[in-house]
Amino acid sequence: MKRILILISGRGSNLQAIVQRCADEAWPAQVVAVISNRPGAEGLGFAAARGIPTAMLDHRGFASREAFDDELSHLIDGFAPDLVVLAGFMRILGDGFVARYAGRLLNIHPSLLPAFAGLQTHRRAIEAGCKLAGATVHFVTPTLDHGPIVAQASVPVLADDTPETLSDRVLAAEHRMYPEAVRWFVEDELRVSEGGVVHHRLGISQLFCG
Ligand code: GAR
């Protein structure tokens, strides 16, 4: 039974999708805790209602990034997770933290990386005239939004899209893709090499086209 710990900062809709799919499909895994760096994150309420242990560690109470990361690691390690999932965790993690969880730290980013790392991805995709947008699940490395890509989901950018309408379309694709990628991890299907991440049985065809 693999132990999954999920870090959030807000709404937690990806968290919900993962918890739901884990239960519905009886993965060989359980979500052992949900931790938020923001008080009042909606996802904490969802987790608590499902009987999942929750914690909140407000980064504003720490003098440095390292001090926050250290305390967060301490909290995480108490749950002994096999996998740490960033699901809308809007806080940059330091190199020490990333190294500690290397190979077992996944993130979802709302763009087709390596395009549009950072914030405001949907507005930037529209302004750039992109015809496709999407989301990426990747292993976390010290360079922000640049780790080995596990899966990508694409959706069309429509002529009358606003950042909000595009975000809704991408989010629906995230909810299909992220649980699948987490499932691959807990079923030991992912192999990371210099050439990227390969699914043990499916090869490199980790595509979700909308
Ligand atoms: C998602 O769209 C996720 O891709 C994005 O935040 C949203 C969280 O939604 N993550 C990032 O921007 C990370 N850089 P959720 O809380 O409803 O899952």
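Calculation criteria
- Residues numbered from 1 in each chain as written.
- Predicted model: local features only at pLDDT ≥ 70, side-chain atom pairs only at ≥ 80, totals over all residues.
- Heavy atoms only, no water.
- Near = heavy atom within 4 Å.
- Polar contact = N/O pair within 3.5 Å; in protein donor to acceptor, adjacent residues only side chain to side chain.
- Areas by Shrake-Rupley, 256 points an atom, 1.4 Å probe, with all protein chains shown as cover.
- 1 Å grid on protein atoms, 1.4 Å probe; cavity = no way out; pocket = protein on both sides within 12 Å on 5 of 7 lines; lining within 4 Å.
- Sits in = over half its atoms within 2 Å of the grid points.
- Helix = DSSP H or I, 4+ residues; strand = E, 2+ residues; numbered from the N terminus.
- Core = buried A, V, L, I, M, F, W, Y, C linked by side-chain atoms within 4.5 Å.
- Buried < 20%, exposed > 50% of the residue type's maximum accessible area, 1.4 Å probe, protein only.
- Expected span 1.5 Å × (residues − 1).
- Pairing = 2+ DSSP bridges.
- Phe/Tyr/Trp six-rings, centres within 6.5 Å; stacked < 30°, edge-to-face > 60°.
- Lys NZ or Arg CZ within 6 Å of the ring centre and 35° of its normal.

Trainee: Please give an account of the site of the ligand that cites residues and values.
Mentor: Near the ligand you find Arg11, Gly12, Ser13, Asn14, Gly88, Met90, Ile108, His109, Pro110, Leu171 and Glu174, and these make up its full shell. In the environment of the ligand, an oxygen atom lies 2.8 Å from a nitrogen or oxygen atom belonging to the backbone of Gly12. Residue Ser13 places a side-chain N or O atom 2.5 Å away from an oxygen atom belonging to the ligand. In isolation the ligand exposes 450 Å². Once the protein is present, 86% of that is buried. Using a 2 Å cut-off from the grid points, one finds that the ligand occupies the largest pocket. Contributions of two or more residues to the shell around the ligand are made by α1 (13-24), β5 (105-109) and α6 (163-186).

Trainee: Would you mind going over the nonpolar core in detail, with residue names and values included?
Mentor: Membership of the largest hydrophobic core comes to 43 residues, with the highest contact counts inside it found for Ile4, Ile6, Val150 and Val182. Ranked by the residues each element gives to this core, the list is headed by α6, at 10 residues. Ala33, Phe68, Val84 and Val98 belong to the second largest nonpolar core, which has 20 residues in total.

Trainee: Residues and numbers for the environment of Phe139, please.
Mentor: Its location among the elements puts Phe139 in strand β6 (residues 132-139). Sequence spacing of Phe139 and Gly103 is 36 residues, and the spatial spacing of their C-alpha atoms is 6.7 Å.

Trainee: Describe in detail the environment of Gly96, supporting the description with residues and values.
Mentor: Relative to the elements of secondary structure, Gly96 occurs in helix α4 (residues 95-100). Spatially, the C-alpha atoms of Gly96 and Ala128 are 35 Å apart, while their sequence positions differ by 32 residues.

Trainee: Explain unusual backbone geometry to me, using residue names and the numbers behind them.
Mentor: For the bond running from Leu113 to Pro114, omega is 10°, close enough to zero to count as cis. Tracing the chain through its elements places Pro114 in the loop between β5 and α5 (121-127). Although it is not a glycine, Ala26 sits at a positive phi angle of roughly 50°. Judged by relative accessible area, Ala26 falls into the exposed class, the value being 61%. With a phi close to 55°, Asp145 is a non-glycine residue in the positive phi region. Mapping Asp145 onto the fold places it in the loop between β6 and β7 (149-156).

Trainee: Could you give an account of α1, naming the residues involved and the relevant values?
Mentor: Turn by turn, an α-helix covers 3.6 residues, leaving residues three or four places apart pointing in a common direction. Over its 12 residues, α1 extends 16 Å from the first C-alpha to the last, a length consistent with the 16 Å expected when each residue adds 1.5 Å. Those residues of α1 that fall on the buried side of the exposure criterion are Ser13, Asn14, Leu15, Ala17, Ile18, Val19, Arg21 and Cys22. In the segment just after α1, Ala26 is the residue with positive phi, at about 50°.

Trainee: So what's going on with the pairing of β6? Residues and values would help.
Mentor: When you tally the buried positions in β6, you get seven out of eight residues, the bulk of the element. Sheet topology places β5 next to β6; four bridges connect them, and they run antiparallel. By the bridge assignment for β6, Asn107 is matched with His138. For β6 and β7, the ladder comprises seven bridges, and the chain directions are antiparallel. Its bridge partner lying in β7, Leu132 is registered against Pro156.

Trainee: Tell me what's going on with the packing of aromatic side chains, and back it up with residues and numbers.
Mentor: All told, the structure shown has three aromatic pairs when counted by the stated rule. Geometrically, the ring pair formed by Phe97 and Tyr101 is tilted, given 4.8 Å between the ring centres and 50° between the ring planes. Both rings, one in Phe139 and one in Phe185, keep their centres 6.3 Å apart while their planes meet at 55°; by these two values the pair is tilted. Of this pair, Phe139 sits in strand β6 while Phe185 is found in helix α6, placing the two residues 46 residues apart along the sequence. Of the two residues, Phe139 and Phe185, both sit in the buried class. Directly above the aromatic system of Phe68 lies the positively charged group of Arg91, at a separation of 5.2 Å from the ring centroid.

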